[in-house]
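Chain by chain, the residues run as shown.
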Amino acid sequence: MNLRNLGASGLRVSAVGLGCNNFGGRIGLDATRAVIDRAIERGITLFDTADGYGNRGGSETLMGEVLGARRNAIVLATKFGWPMDDVGVLKGGSRRYVMSAVEASLRRLKTDWIDLYQFHVTDKLTPIEETLRALEDLVRQGKVRYVGWSNTTGWRLVDAAWTAKNAGVSEFISVQAEYSLLDRRVESDLIPAAQSKGVGLLPFYPLAGGLLSGKYSRKGPMPEGARLSSTPKLAERYMTGANWDAIEKLEAFCKSRGKTLLDLAFAWLLAQPVVGSVIAGATKPEQVDANAAAAAWSLSAAELAEIDKIIPPPPVP
């Protein structure tokens, strides 16, 4: 597994990361252990979770149980800011909440530090400088190594970079956003902003909810237990006529090269210079194997141009 620098920082992460949102929710302790064991065996070093995953705390708790001494061998990333109660109190980016959220995550993860602590969602009620200064305190205390953001916009990312520089605090080194062959919207706003500030992109939903996994067909039955089979809203969003047309062309592209649609989904993302690691979830060790193997395909400039003809990039304002 190749390692890459995340943005302009010195943090090295595996080209394929493990998304841990299934832990404590879709799968329990034994299945989580099997997935984590296989990921470490395959050289995956970036493990991405959040305090809100696994029905609020479940993912972090199971990871704390499973990792043990191997925690030192991975880049552990988690997030804060997502609502952790039903009344809207335990959330956001205020200093008061950040300081309590990190302690809760550290306890669940059974660790003394978090390698990448990420602001999960934008808090419009808290100035970004307050959040950045609170995160800087955590960095100085040794509880956090690097900081990142998730689910934000290009202008907010640039504003945060300017604010951090002028306040003399740690800047965000990464940003998470949905990005896949079937969803290239971030190319018109967030990616140019990230590149201008040396921020690395961590794409989530790289398989477009699973549609790029190759296990769905336009006219065939829905696979039992799959994400799109059990989540009607996601299925309605991704299973459009335009997406099926694109997939059929992409499958022909892959077939002529002896590759799979899943191989292409990862290889295309890893060909984008701003991408640090592709975050992919798994519920079975076999899925980890497939995700890790997909990182081996290096697309040529001609192949990337051919893909752009099938799925054109969005216009840049």
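Please read all numbers here as calculations on a predicted model, not as lab measurements.

Thoughts on the pairing of strand β9 (residues 200-204)
Here comes step 1: β9 sits mainly inside the fold: 4 of its 5 residues count as buried.
Here comes step 2: Once the chain exits strand β8 (residues 172-178) it traverses helix α6 (residues 190-196) before rejoining the sheet at β9, and the crossover so formed is right-handed.

Side note on the side chain of Ser105
Here comes step 1: Structurally, Ser105 can be placed in helix α3 (residues 95-109).
Here comes step 2: At 2.9 Å, the side chain of Ser105 and the side chain of Glu60 are in polar contact.
Here comes step 3: Residue contacts for Ser105: discarding those within four places in its chain leaves Asp51, Glu60, Thr78 and Ile114.

Focus: the sheet that holds β9
Here comes step 1: One open sheet holds the 8 strands; their spatial order is β9-β8-β7-β6-β5-β4-β3-β10, and the pairing between them is parallel. The two strands at the open ends of the sheet, each matched to only one other strand, are β9 and β10 (278-281). Adjacent strand axes in the sheet meet at a mean angle of 30°, parallel and antiparallel pairs treated alike.
Here comes step 2: As defined by bridge partners, strand β3 (residues 16-19) adjoins strand β4 (residues 46-48) across 2 bridges and the pair is classed as parallel. Each residue of the ladder has a partner; that of Gly19, found in β4, is Asp48.

Observations regarding the packing of aromatic side chains
Here comes step 1: Here the structure, examined in full by the defined rule, presents 8 aromatic pairs.
Here comes step 2: Taken together, Phe80, Tyr117, Phe119, Trp149 and Phe172 form an aromatic cluster joined through their ring pairs.
Here comes step 3: Sitting over the face of the ring of Trp113, Arg71 holds its NZ or CZ atom 3.9 Å from the ring centroid.
Here comes step 4: When the ring centre of Phe253 is taken as reference, the NZ or CZ atom of Arg257 above it lies at 3.8 Å.

Brief notes about the pattern of salt bridges
Here comes step 1: A full pass over the atoms with the stated rule returns 23 salt bridges.
Here comes step 2: Among the ionic pairs, Arg38 bridges to Glu41, the shortest N-O distance being 3.4 Å. Remark: Glu41 and Arg38 occur in helix α1 (residues 29-41); sequence separation between them is 3 residues, near one turn of the helix.
Here comes step 3: Among the residues examined, Arg38 registers a relative accessible area of 25% and is labelled partly exposed.
Here comes step 4: Taken together, the shared-partner salt bridges connect Arg38, Glu41, Arg42 and Asp289 into one network.

Quick word on the environment of Arg218
Here comes step 1: Residue position: Arg218 is located in the loop between β9 and α7 (227-230).
Here comes step 2: In this structure Arg218 comes out as partly exposed when scored by relative accessible area, which is 36%.
Here comes step 3: Separated by 200 residues in sequence, Arg218 and Leu18 place their C-alpha atoms 28 Å apart.
Here comes step 4: Contacts of Arg218, omitting those with residues within four sequence positions, involve Gly241, Trp244, Asp245 and Glu248.
Here comes step 5: Of the polar contacts made by the side chain of Arg218, one reaches the backbone oxygen of Gly241; its length is 3.2 Å.
Here comes step 6: A polar side-chain atom of Arg218 sits 2.8 Å from a polar atom in the side chain of Asp245.

Overview of helix α2 (residues 53-67)
Here comes step 1: When the terminal C-alpha atoms of α2 are compared, their 17 Å separation across 15 residues is substantially less than the 21 Å that a helix rising 1.5 Å per residue should span.
Here comes step 2: The largest bend along α2 reaches roughly 35° and is located at Ser59.
Here comes step 3: Within α2, 11 of the 15 residues are buried, which leaves it mostly tucked inside the rest of the structure.
Here comes step 4: Here α2 has its buried residues at Tyr53, Gly54, Gly57, Gly58, Ser59, Glu60, Leu62, Met63, Gly64, Val66 and Leu67.
Here comes step 5: Contacts made by the buried residues of α2 are with α1, β4, β5 (75-80) and α3.
Here comes step 6: With its phi angle positive at about 60°, Gly68 sits one or two positions after the end of α2.

Criteria and cut-off values
- Residues numbered from 1 in each chain as written.
- Predicted model: local features only at pLDDT ≥ 70, side-chain atom pairs only at ≥ 80, totals over all residues.
- Heavy atoms only, no water.
- Buried < 20%, exposed > 50% of the residue type's maximum accessible area, 1.4 Å probe, protein only.
- Helix = DSSP H or I, 4+ residues; strand = E, 2+ residues; numbered from the N terminus.
- Right-handed = clockwise from strand over helix to strand, strands pointing away.
- Polar contact = N/O pair within 3.5 Å; in protein donor to acceptor, adjacent residues only side chain to side chain.
- Contact = heavy atoms within 4.5 Å.
- Pairing = 2+ DSSP bridges.
- Axes fitted to C-alpha atoms, helices over the stretch in contact; angles between N-to-C directions.
- Phe/Tyr/Trp six-rings, centres within 6.5 Å; stacked < 30°, edge-to-face > 60°.
- Lys NZ or Arg CZ within 6 Å of the ring centre and 35° of its normal.
- Salt bridge = Lys/Arg side-chain N within 4 Å of Asp/Glu carboxyl O.
- Expected span 1.5 Å × (residues − 1).
- Bend = angle between axes of the 7 residues up to and from the residue.

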